[in-house]
Amino acid sequence: MNHYEMLCIVSTRLAEGNPAAAQEMIAGEIAKASGQIQSLQVMGRKRLAYPIARQQEGLYLLVYFSQPPASAPVLRANLRMNEFVLRILILKRDASDPIPPDPASAVPAEPAAPASPAPTPAPAGA
């Protein structure tokens with residue numbers, strides 16, 4: 001099994017107010033291609049630099065998954081034929097590379113306590 005990282009831009013028509021529909025669609029396509037998802041992160045809705053298929057915005061999904069090498073072209077072809085997928089980028093990654101945590105699920109760090117002001121030195125002539 002090879003390990004892959006995929007960035008996918010999905011039409012907002014599919015994910016209108018419901019990013020779970022886009023997640024299910026991508027997860028289904030990976031499952032059809034004999035893949036197993038390790039992580040699926042919704043990066044949010046962003047404005048595109050230029051219109052793609054008359055869309056001004058897209059929903060970005062970052063997916064880490066593994067699948068047999070022979071099924072990678074099948075997944076790419078299935079995603080390209082899907083009318084809701086605007087762009088995809090699939091990269092093979094090293095299995096030893098850790099999967100970065102989802103920034104949306106990260107616990108915010110505690111704000112640092114304000115430093116107490118340094119004592120002012122006494123005047124020299126006193």
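The rules behind the values
Residues numbered from 1 in each chain as written. Predicted model: local features only at pLDDT ≥ 70, side-chain atom pairs only at ≥ 80, totals over all residues. Heavy atoms only, no water. Phe/Tyr/Trp six-rings, centres within 6.5 Å; stacked < 30°, edge-to-face > 60°. Helix = DSSP H or I, 4+ residues; strand = E, 2+ residues; numbered from the N terminus. Buried < 20%, exposed > 50% of the residue type's maximum accessible area, 1.4 Å probe, protein only. Arc of directions from axis to C-beta. Contact = heavy atoms within 4.5 Å.

**Here's the deal with the packing of aromatic side chains**
- If you walk through the whole model with that rule in mind, you get 1 aromatic pair.
- Consider the rings of Y4 and F65, whose centres lie 5.5 Å apart with planes at 25°: the pair is stacked. With Y4 in strand β1 (residues 2-11) and F65 in strand β3 (residues 55-67), this pair connects stretches of sequence that are 61 residues apart.
- The buried category is assigned to Y4, whose relative accessible area is 7%.

**Regarding helix α2 (residues 72-81)**
- By the burial criterion, the buried members of α2 are A72, L75 and L79. On an axial view of α2, the arc spanned by its buried residues comes to 65°, and they lie on one face. Structural note: α2 exposes P73, R80 and M81 on the side pointing more than 90 degrees away from its buried face.
- Among the structural elements, β1, α1 (19-32), β3 and β4 (85-93) are those in contact with the buried residues of α2.

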